[in-house]
Amino acid sequence: MTRKSLALFGNPVSHSLSPAMHTAWIADHRLDAAYEARALDLDLQPDQLHAVMRAGVSGANVTVPFKEVAAQAAQAFSDTVEMLGVANTLSWVDVGEGYRVLRADNTDVPGARRALDEACDWERDVESVLIVGAGGAARGMAAAVSGDGRTITVANRTADKAALWKDMGLAHAFVGLDRLPDAVADADLIINTTTLGMKGQPDLDWPLERAKPGAIVYDAVYAPLETTLLSKARARGLRTVDGLGMLIHQGALAFEIWFGVKPDTKMARERLLKIIAEREG
Ligand code: NAP
């Protein structure tokens, strides 16, 4: 059997904890494989990503800003990728007679949901959801928390993604960031899916003084783990969910796609918290 080569494609990728997480799982299961982060050119096209995969990559995670390119590079898709147009996991599937095709999956959706389920009992309390940001992670979050009559409002810097969201039918309202204070005041669950608050990126002055006392605040950003959004929410006594749970669960589901085994998510959290403490301390 040949050694499997796994990759994380993004730009930037140096902050990512995925290589440490997958490398530890590979060792846990004594697999003959290696996982490395690779920054690709920002103007990457789907055929170029396909060529990178063909050049010896057995499976990949895909992060900002290539999730749409990943969906377009594949010939086979999960239903979620078909619906959302974004993928975070690539793998090869045999189609017979020695042929294989590139398959795109989206493990962000079930990963985000599992992280939320694990962190708090939210379903009973949440009727209205505010998603800040309208990119790939936002689409995944919307799919993860929709259902049971919940209303979903998306707040984004630029308005031109509103039409796409309307076509997908995933949100009930789309507003600009100037409407954030009112949108925060109406929400039971507030989710940040922008890059704001990420290490090296600008931050936002979150109007959490308007939040309901019982609101839950979920940040997809995990570097730093304690974003200003989460620390502000904690200071107000709100329930919080950090981005590490989503990272671990989406990664575990990708690992299962590539290797057919379920890795230990609890141990992953302990390991990653240690790495974060070293990096941030
Ligand atoms: P994306 O598709 O590039 O979307 C980025 C979003 O951030 C867009 O809505 C963009 O708004 C907004 N944004 C960027 N800079 C901004 C600024 N200066 N002011 C206001 N809005 C700004 O990225 P993505 O794939 O959705 O990922 C977004 C974040 O989620 C990243 O931090 C990523 O690390 C995180 N994430 C975490 C996990 C996890 O496992 N925890 C998984 C997936 C993603 P415009 O539309 O106006 O450009």
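These lines cover the structure that appears in this document, whether it is placed above or below. (Residues numbered from 1 in each chain as written. Predicted model: local features only at pLDDT ≥ 70, side-chain atom pairs only at ≥ 80, totals over all residues. Heavy atoms only, no water.)

**Concerning the nonpolar core**
Inference 1: Judged by nonpolar contacts, the single largest core of 30 residues is most densely connected at Ile131, Leu189 and Tyr218.
Inference 2: Every element with two or more residues in this core is listed here: helix 5 (108-119), strand 7 (128-132), helix 6 (136-145), strand 8 (151-156), helix 7 (162-168), strand 10 (189-192) and strand 11 (216-219).
Inference 3: Considering every element that reaches this core, the biggest residue donor is helix 6, with six residues.
Inference 4: Counting 23 residues, the second-largest nonpolar core is a separate cluster that includes Leu6, Val13, Met21 and Ile26. (Core = buried A, V, L, I, M, F, W, Y, C linked by side-chain atoms within 4.5 Å. Buried < 20%, exposed > 50% of the residue type's maximum accessible area, 1.4 Å probe, protein only. Helix = DSSP H or I, 4+ residues; strand = E, 2+ residues; numbered from the N terminus.)

**What about the packing of helix 1 (residues 18-28) against helix 11 (residues 265-280)?**
Inference 1: Their axes nearest at 10 Å, the elements helix 1 and helix 11 cross at an angle of 135 degrees. By the criterion of interaxial angle, the relationship of helix 1 to helix 11 is oblique. Judged by the twist between their axes, the crossing of helix 1 over helix 11 is right-handed. Only Thr265, Met267, Ala268, Arg271, Leu272 and Ile275 of helix 11 make contact with helix 1, whose side of the interface consists of Ala20, Met21, Ala24, Trp25 and Asp28.
Inference 2: Here the contact of helix 1 with helix 11 is built from residues that sort into eight nonpolar, one polar and two charged. (Axes fitted to C-alpha atoms, helices over the stretch in contact; angles between N-to-C directions. Parallel < 35°, antiparallel > 145°, perpendicular 65-115°, else oblique. Left-handed = near helix turned anticlockwise from the far one by under 90°. Contact = heavy atoms within 4.5 Å. Nonpolar A, V, L, I, M, F, W, Y, C, P; charged D, E, K, R; others polar.)

**Notes on unusual backbone geometry**
Inference 1: The omega torsion across Val64 and Pro65 is 5 degrees, close enough to zero to call that bond cis.
Inference 2: In this fold, Pro65 is placed in the loop between strand 3 (59-62) and helix 3 (67-73).
Inference 3: Here the residue pair Ala223 and Pro224 is connected by a cis peptide bond, since its omega of 5 degrees sits within 30 degrees of zero.
Inference 4: Structurally, Pro224 can be placed in the loop between strand 11 and helix 9 (228-235).

**Overview of the pattern of salt bridges**
Inference 1: Summed over the entire model, instances satisfying the criterion amount to 18 salt bridges.
Inference 2: Note that Arg124 is salt-bridged to Asp121, the shortest N-O span being 3.5 Å.
Inference 3: Of the residues examined, Asp121 reaches a relative accessible area of 48% and is grouped as partly exposed.
Inference 4: The shortest N-O distance in the salt bridge between Asp188 and Lys212 comes to 2.8 Å. A residue pair is termed long-range when its members are at least 10 positions apart, and Asp188 in the loop between helix 8 (180-186) and strand 10 and Lys212 in the loop between strand 10 and strand 11 qualify at 24 residues.
Inference 5: The structure contains a network of salt bridges with shared partners spanning Arg113, Asp117, Glu123, Asp148 and Arg150. (Salt bridge = Lys/Arg side-chain N within 4 Å of Asp/Glu carboxyl O.)

**As for the side chain of Asp105**
Inference 1: Positionally, Asp105 belongs in strand 6 (residues 99-105).
Inference 2: Under the relative-accessibility criterion, Asp105 is labelled buried at 9%.
Inference 3: Apart from the residues lying within four places of it in its own chain, the contact partners of Asp105 are Ser78, Val81, Ala87, Asn88, Thr89, Ser91 and Ile257.

**With respect to the site of the ligand**
Inference 1: As a structural note, the neighbourhood of the ligand is formed by 25 residues, with Ala137, Asn156, Arg157, Thr158 and Lys161 the closest of them.
Inference 2: The contact in question runs from an oxygen atom of the ligand to an N or O atom on the side chain of Arg157, over 2.8 Å.
Inference 3: Take Lys161: an N or O atom from its side chain is 2.6 Å from an oxygen atom of the ligand.
Inference 4: In the complex, the protein chains occlude 84% of the 930 Å² of accessible area that the ligand would expose alone.
Inference 5: Looking at the shell around the ligand, the elements with two or more residues in it are helix 6 and helix 10 (244-259).
Inference 6: Class assignment for the residues of the shell around the ligand results in 12 nonpolar, nine polar and four charged. (Near = heavy atom within 4 Å. Polar contact = N/O pair within 3.5 Å; in protein donor to acceptor, adjacent residues only side chain to side chain. Areas by Shrake-Rupley, 256 points an atom, 1.4 Å probe, with all protein chains shown as cover.)

**So, the sheet that holds strand 9 (residues 173-176)**
Inference 1: Spatially, the six strands line up as an open sheet ordered 9-8-7-10-11-12, and their pairing is parallel. Both outer strands of the open sheet, strand 9 and strand 12 (239-241), are each paired with one neighbouring strand and no more. Pairs of neighbouring strands in the sheet enclose a mean axial angle of 20 degrees, with direction left out of account.
Inference 2: Bridge count between strand 8 and strand 9: four bridges; the pairing is parallel. For Asn156, the partnering residue across the bridge sits in strand 9 and is Gly176.
Inference 3: Helix 9 contacts strand 10, strand 11 and strand 12 of the sheet and is inclined by roughly 165 degrees relative to strand 11. (Pairing = 2+ DSSP bridges.)

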